[in-house]
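# Residue-level structural notes
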Amino acid sequence: MSIDPRTGPAPAPTGPLSTIDYSERIPNNVNLAEDRRLQRALEGWQPKFLDWWKTLGPALPTKDVYLRTAIAVGRDGWAHFDHVPMEEYRWGIFLAERDPDRVVNFGKHKGAPAWQEVPGEHRADLLRLIVIQGDTEPASVEQQRILGETAPSIYDLRNLFQVNVEEGRHLWAMVYLLHAYFGREGREEAEQLLKRNSGDVDAPRILGAFNEETTDWLQFFMFTYFTDRDGKYQLGTLKESAFDPLARTCEFMLKEEAHHMFVGTTGVQRTVERTAELMKEHGTADILPYGGIPLAVIQKYLNFQYSVSLDLFGSEQSTNAGNYYTSGVKGRWQETRRKDDHVLLDDTREMRLVEDGRIVTKTVPMLSALNLDLRDEYVADCANGVRRWNQALEDAGLDERLTLPHEGFNRKVGVYAGHHVSPDGEVLDEAAWQASEGEWLPTAEDRQAVAALMVPEYEYGKFAGWIAPPQTGINDQPVEFDYVHLAEEGLV
């Protein structure tokens, strides 16, 4: 077993297996039936959620889908696979098992018992964090609504729908916390989560990346690789929260988030593999005429999704982030594996920024740079996928490689906002940026060209010409398994 020298070994899993009661109208493992007032409130929200799903959920009509459904929240045996009509999917409230001995692991309350209720002085901060996290979940479903109409295979269609239903369940997770712990204000915020819509002019989603249009499957794969990976790290910091119900909720959500990133990692990988195959076959990088996505266009999509995902981490220096940490509201990634005092009052770190037209480094207090600390973890993780994709190019005997752009490239938030930085890290003036922007970010023509390749393939075991098949199917099923039964006759 490899051990990170900075964080130490991973802790052993603890706690019993907690099963989920599917006999309830709202499946849960939080004894919801014992709190009739809360149960009635959530049952009142449930029809509104279902109306939202029917209106803004997946647009492609289906009979049923081979979906994974949680049956327990332990490390093993927590998922069950079966063909399920999506509108009958059993969304619910699943929290990791409570550890009665859990303590706060960081900040000024370090060593104190974890909070089972919301402390009044931290109510506003916790409410804001839960609302923002909750807002991202339905947003991605809305962004991906029409992708089923251009799915490259039944296998990929099933993966899309699995992501969608789990994002819907993650919304339920946040809504439970709002209803259970924040009274009328929480109930009102839960209502607003269904009233904001991705890209809506009057009521957009809170974070910018969740208002971007998902134009095609390559962007979907980039989204699930880069933007869902941001979600992984944000959930990881909330999993450390002193507010125990939030920590337990996020611990379970992370299990489901792993599949979303798998979809992105393997989706881009298979796109790159097919691109490499066509480049070798035809002896050219210009493979659009042969039905493939050019590597240069894949790089542009990567540049875009990576840069907008970096913005989701917020400003590199943030008083709010430091206050969240000190108060115990939000920790660091893998907090308990860090080898420091978990208070950080005297700690510093280096940070890069633009001064006088060049990128310089300065020393800043660690407490003010916790967003940057989290982003650094994310960047290192993102690089792993790029190495994997480049291995496919190397295996094909090609010299071309994909790269992550510089952290300052195409940034709208933080110290690089208002500056133009090339993918290689060169600070540019407005004219130089305008001259090269189309070489680095997807143009309207690029997106139209990719969209033209998005011809649906609904025959079992067949794949669109721009993407390679996966190596294996889902849950030990064959690749050609009937993962999705479409509603329209003759399509399958």
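Scroll up a little and you will see the structure.
What this report covers is the structure whose coordinates are included nearby. Since this is a predicted model, take the numbers as computed values, not measurements.

When its secondary structure is counted, the protein chain shows 11 helices and 7 strands. Its C-alpha atoms give the protein chain a radius of gyration of 23 Å, within 12% of the compact-globule value 23 Å for 492 residues. Here the protein chain holds 492 residues, and the buried ones make up 56% of them. For the protein chain, long-range pairs separated by at least 24 residues make up 73% of all intrachain contacts whose partners lie at least 6 apart in sequence. As displayed, the protein chain has an accessible area near 20600 Å², and 48% of this comes from carbon and sulfur atoms. Between the mean site of the 51 positive side-chain charges and the mean site of the 79 negative ones, the protein chain shows a separation of 5 Å.

The strand order across the open sheet formed by 3 strands is 2-1-7, and the pairing between neighbours is antiparallel. For this open sheet the edge positions go to strand 2 (79-84) and strand 7 (484-486), each flanked by a neighbour on one side alone. Pairs of neighbouring strands in the sheet enclose a mean axial angle of 15°, with direction left out of account. Strand direction decides the pairing type here: strand 1 (residues 62-70) and strand 2, joined by 6 bridges, are antiparallel. What sits directly across from Leu-67, in strand 2, is Asp-82.

With that settled, the discussion passes to the environment of Pro-138. Along the polypeptide, Pro-138 turns up in helix 2 (residues 123-143). Pro-138 sits 89 residues away from Phe-49 along the chain, and the two C-alpha atoms are 9.9 Å apart.

Moving on: helix 9 (residues 370-395). Taking 1.5 Å per residue as the helical rise, helix 9 with its 26 residues ought to reach 38 Å, and the 39 Å between its terminal C-alpha atoms agrees with that figure. Gly-397 sits one or two residues past helix 9 and shows a positive phi near 80°.

Before going further, it helps to spend a moment on the state of the cysteines. Under the defined criterion, the tally for this structure stands at 0 disulfides. Counting only cysteine sulfurs, Cys-382 is the nearest neighbor of Cys-250, a cysteine outside any disulfide, at a range of 19 Å.

Secondary-structure assignment places Val-427 in strand 6 (residues 427-428). C-alpha of Val-427 to C-alpha of Pro-27: the two residues are 400 residues apart in sequence and 53 Å apart in space.

Time to look at unusual backbone geometry. Leaving glycine out, the prevailing phi sign among residues is negative, and the prevailing peptide bond configuration is trans. A positive phi angle is found at Gln-334, which is not glycine, with a value near 55°. With respect to the helices and strands, the residue Gln-334 is situated in the loop between helix 8 (319-327) and strand 3 (348-355). The backbone of Leu-344 shows a phi angle near 70°, a positive value even though the residue is not glycine.

Two elements in contact, helix 3 (residues 154-181) and helix 5 (residues 217-238), have axes separated by 13 Å at closest approach and are oriented at 45°. On the basis of the axis angle, helix 3 is oblique to helix 5. Along this stretch, helix 3 crosses helix 5, giving a crossing that reads as left-handed. Contacts between helix 3 and helix 5 pair Asp-156, Leu-157, Leu-160 and Glu-167 from the former with Trp-217, Phe-220, Phe-221 and Asp-228 from the latter. Looking at the contact of helix 3 with helix 5, its residues break down into 5 nonpolar, no polar and 3 charged.

Our focus in this paragraph is the pattern of salt bridges. In total, this model carries 26 salt bridges according to the counting rule given. The residue Arg-270 makes a salt bridge to Asp-156 at a minimum N-O spacing of 2.8 Å. Of this pair, Arg-270 sits in helix 6 (residues 244-282) while Asp-156 sits in helix 3, placing them 114 residues apart in sequence. Across this residue pair, the class does not change: Arg-270 and Asp-156 are buried. A network of salt bridges, in which partner residues are shared, links Asp-311, Glu-316, Arg-352, Arg-375, Glu-407 and Arg-411.

Right, let's get into the pairing of strand 3. Here 8 bridges tie strand 3 to strand 4 (residues 358-365), and the two strands are oriented antiparallel to one another. Along strand 4, the bridge assignment pairs Met-351 with Lys-362. Hairpin connection from strand 3 to strand 4: 2 residues lie between these consecutive antiparallel strands, with Asp-356 at a positive phi of about 55°.

Relative to each other, helix 7 (residues 295-311) and helix 9 sit at 170°, their axes nearing to 12 Å. The orientation of helix 7 relative to helix 9 falls into the category roughly antiparallel. In this structure, helix 7 contributes Leu-295, Leu-302, Tyr-306, Ser-309 and Leu-310 to the contact, and helix 9 contributes Arg-375, Tyr-378, Val-379, Cys-382, Val-386, Trp-389 and Leu-393. Residue composition of the contact of helix 7 with helix 9, grouped by class: 10 nonpolar, 1 polar and 1 charged.

On the surface, Arg-36, Arg-37, Arg-40, Arg-184 and Arg-187 cluster together to form a positively charged patch. Among the elements of the structure, helix 1 (36-56) and helix 4 (183-195) are those that each provide at least two residues to the positive patch. Top element by residues in the positive patch is helix 1. It accounts for 3 residues. Within the element layout of this structure, Arg-187 appears in helix 4.

What counts and how
Residues numbered from 1 in each chain as written. Predicted model: local features only at pLDDT ≥ 70, side-chain atom pairs only at ≥ 80, totals over all residues. Heavy atoms only, no water. Helix = DSSP H or I, 4+ residues; strand = E, 2+ residues; numbered from the N terminus. Rg over C-alpha atoms; globule rule 2.2 N^0.38 Å. Buried < 20%, exposed > 50% of the residue type's maximum accessible area, 1.4 Å probe, protein only. Contact = heavy atoms within 4.5 Å. Areas by Shrake-Rupley, 256 points an atom, 1.4 Å probe, with all protein chains shown as cover. Lys, Arg positive; Asp, Glu negative; His and termini not counted. Charge placed at Lys NZ, Arg CZ, Asp CG, Glu CD. Pairing = 2+ DSSP bridges. Axes fitted to C-alpha atoms, helices over the stretch in contact; angles between N-to-C directions. Expected span 1.5 Å × (residues − 1). Disulfide = S-S within 2.5 Å. Parallel < 35°, antiparallel > 145°, perpendicular 65-115°, else oblique. Left-handed = near helix turned anticlockwise from the far one by under 90°. Nonpolar A, V, L, I, M, F, W, Y, C, P; charged D, E, K, R; others polar. Salt bridge = Lys/Arg side-chain N within 4 Å of Asp/Glu carboxyl O. Patch = residues over 30% accessible without salt bridge, like charges linked within 9 Å, V, L, I, M, F, W, Y side chains within 5 Å.

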